[in-house]
Amino acid sequence: MKIKINLQSREVAKSVVNNSTITTTEPMQEMFPDEIKDIFADINNLIGLSKVKSVIYEVYAFKEIQKKRQKEQLKTLPTVLHAIFRGNPGSGKTTVARLLASLYKEMGVISKGHLVEVERADLVGEFIGHTAQKTRDNLKKAQGGVLFIDEAYSLCRGGEKDFGKEAIDALVKAMEDRKNEFVLILAGYPKEMEMFLRSNPGLSSRFPLHIDFPDYSIEELLAIAEIMYKEHQYNPDISAYDELRQFLSHTNTSNYTSQGNARTIRNIVEASLRAQAIRLINNPKPAISDLQLIMSNDIRYALKQLTPVSPNKSKDRSTLYPST
Ligand SMILES: Nc1ncnc2c1ncn2[C@@H]1O[C@H](COP(=O)(O)OP(=O)(O)OP(=O)(O)O)[C@@H](O)[C@H]1O
Ligand SMILES: [Mg+2]
């Protein structure tokens, strides 16, 4: 089922279910309790991710209607929220998981709403019994919250004899025994997650939510950069964005982008703040606007720090900035 919901405008969104068109109105956010309103505002403020936002709203609407049905003593369906997140690095998986944990708490699905982020090494031990213990410890930590397993496919990398299998079995058991006590999210890169689920038949169906995180477009990445600069009270000029756009649209860097997405942007933004500091350090009295301004040179310098520089070009750095 695909439902497109624009959480930002007052449009009516249309979707096609079984070849018939249904209409879905967007959430009346002013009717939400304040805590839910704030969380939806944060979700809404994420750039792109329209399908992810739609799924979150569906989950919220379904749970709320089940509550109303229960009040009227109508039959209710259980709300199982274990999820698979598929997306490349930096596509927003952890960010969304953290917001979901808070939302689920406010919805009354879990009691605490914290996120415990783990990876294979946190769950898989080195001797018999060690894995069960480590997995149990993390399940305990995640009690009342979300257990988020990054690169979950690595749990089965060693085949049948690997202790990772033991971790998977312990997780599956906990999903059944402690249904309402935690939410499990398995996250990873799309291809690897596909293989992981195929090699563990029965696992996929235990996760009612399968959410895809697509790579960001160049314009989305630029909008994410803008948010990051604003967050830190910096103010890039147009030439800085042009420099960034040029880098992102360069064919040779497309691979770099799909491997890093918003994480790449965060790295560039942070490196450009350091570049600006180097540019300004010899100015004894920088104006407030200078302290905020990010120029194309800062972006160029940042990119040189982050991407391999061919030896004949490495001299350029010293013409822009004093050597560090
Ligand atoms: N849609 C978005 N809007 C604004 N900022 C975003 C968005 N997606 C990601 N970010 C920012 O980009 C950075 C990387 O995102 P995040 O850690 O959620 O990605 P990830 O998919 O978990 O990556 P990885 O697989 O490498 O762990 C974070 O700093 C986050 O705040
Ligand atoms: Mg992550």
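Check the entry above for the structure.
What counts and what doesn't
Residues numbered from 1 in each chain as written. Chains lettered and ligands numbered in written order. Predicted model: local features only at pLDDT ≥ 70, side-chain atom pairs only at ≥ 80, totals over all residues. Helix = DSSP H or I, 4+ residues; strand = E, 2+ residues; numbered from the N terminus. Buried ≥ 20, exposed ≤ 12 C-beta atoms within 10 Å, placed from the backbone. Contact = placed C-beta atoms within 7 Å. Axes fitted to C-alpha atoms, helices over the stretch in contact; angles between N-to-C directions. Parallel < 35°, antiparallel > 145°, perpendicular 65-115°, else oblique. Left-handed = near helix turned anticlockwise from the far one by under 90°. Pairing = 2+ DSSP bridges. Expected span 1.5 Å × (residues − 1). Near = placed C-beta within 6 Å. Nonpolar A, V, L, I, M, F, W, Y, C, P; charged D, E, K, R; others polar. Domains from an automatic or database assignment.

Peer 1: Honestly, the overall build of the protein in this entry has me stumped. Any pointers?
Peer 2: Along the protein, the regular secondary structure elements total 13 helices and 9 strands. Per-residue burial for the protein yields a buried fraction of 31% across its 324 residues. Considering only contacts within the protein whose residues lie at least 6 apart along the sequence, 69% involve residues at least 24 apart.

Peer 1: Would you mind going over the packing of helix α2 (residues 50-71) against helix α3 (residues 93-107) with me for this structure?
Peer 2: Each pair of packed helices can be summarised by the angle the axes make with each other and by the distance between the axes. Closest axis-to-axis distance for the α2/α3 pair is 11 Å, and the angle between their directions is 15°. When the interaxial angle is binned, α2 and α3 end up roughly parallel. Where α2 crosses over α3, the handedness of that crossing is right-handed. Listed contacts from α3 to V52, I56, Y60 and K63 of α2 are V96, L100, L103 and M107.

Peer 1: So what exactly am I meant to see when it comes to the sheet that holds strand β5 (residues 146-149) here?
Peer 2: The pairing of strands in a sheet comes from backbone hydrogen bonds and takes either a parallel or an antiparallel form. As summarised here, the arrangement of the 5 strands in space is β4-β5-β6-β3-β7, forming an open sheet in which the pairing is parallel. Either end of the sheet is taken by a strand with one partner, and the two such strands are β4 (115-118) and β7 (209-213). Across the sheet, the mean angle separating the axes of adjacent strands is 20° when strand polarity is ignored. Here strand β3 (residues 83-87) pairs with β7 via 5 bridges, running parallel. The residue bridging F85 from the neighbouring strand is I211, located in β7. Across the sheet, α3 touches β3, β4, β5, β6 (183-188) and β7, and the angle it forms with β5 is around 165°.

Peer 1: Just checking my understanding: could you explain α3 for this structure?
Peer 2: If you check α3, its first and last C-alpha atoms are 21 Å apart, about what 15 residues at 1.5 Å a residue would give, namely 21 Å. Where α3 ends, the next residue or the one after it, G108, has phi of about 85°, a positive value.

Peer 1: Any chance you could explain the site of ligand 1 here in plain terms?
Peer 2: Within the structure, ligand 1 sits among 18 residues, and G92, K93, T94, T95 and A262 are positioned closest to it. Secondary-structure elements contributing two or more residues to the shell around ligand 1 are α3, α8 (218-231) and α10 (254-280). A breakdown of the residues in the shell around ligand 1 according to their chemical character gives 7 nonpolar, 7 polar and 4 charged. A domain split of the shell around ligand 1 shows at least three residues from each of domain 1 (80-213) and domain 2 (218-320).

Peer 1: Even after reading the chapter, I still don't get unusual backbone geometry, so can you show me in this structure?
Peer 2: Residues other than glycine predominantly adopt negative phi, and peptide bonds predominantly adopt the trans conformation. You will see that L49, though not glycine, has its phi angle at about 55°, which is positive. Here L49 is to be found in the loop between α1 (34-45) and α2. One non-glycine residue, N261, lies in positive phi territory at about 40°. If you trace the backbone, N261 turns up in helix α10. What makes N261 buried here is the crowd of 22 C-beta atoms within 10 Å.

Peer 1: Explain the pairing of β6 to me, please; I cannot follow it from the model alone.
Peer 2: Strand residues, when the strand is regular, have side chains that alternate between the two faces of the sheet. Counting buried positions along β6 gives 6 out of 6 residues, so the element sits mostly inside the fold. In β6, alternate side chains face the same way, and those of V183, I185 and A187 on one face and L184, L186 and G188 on the other are all buried. Bridging between β3 and β6 involves 4 bridges; their strand directions are parallel. Across the sheet, residue F85 finds its bridge partner in β6, namely A187. As paired elements, β5 and β6 share 4 bridges and run parallel to each other. Directly across from V146, in β6, lies its bridge partner V183.

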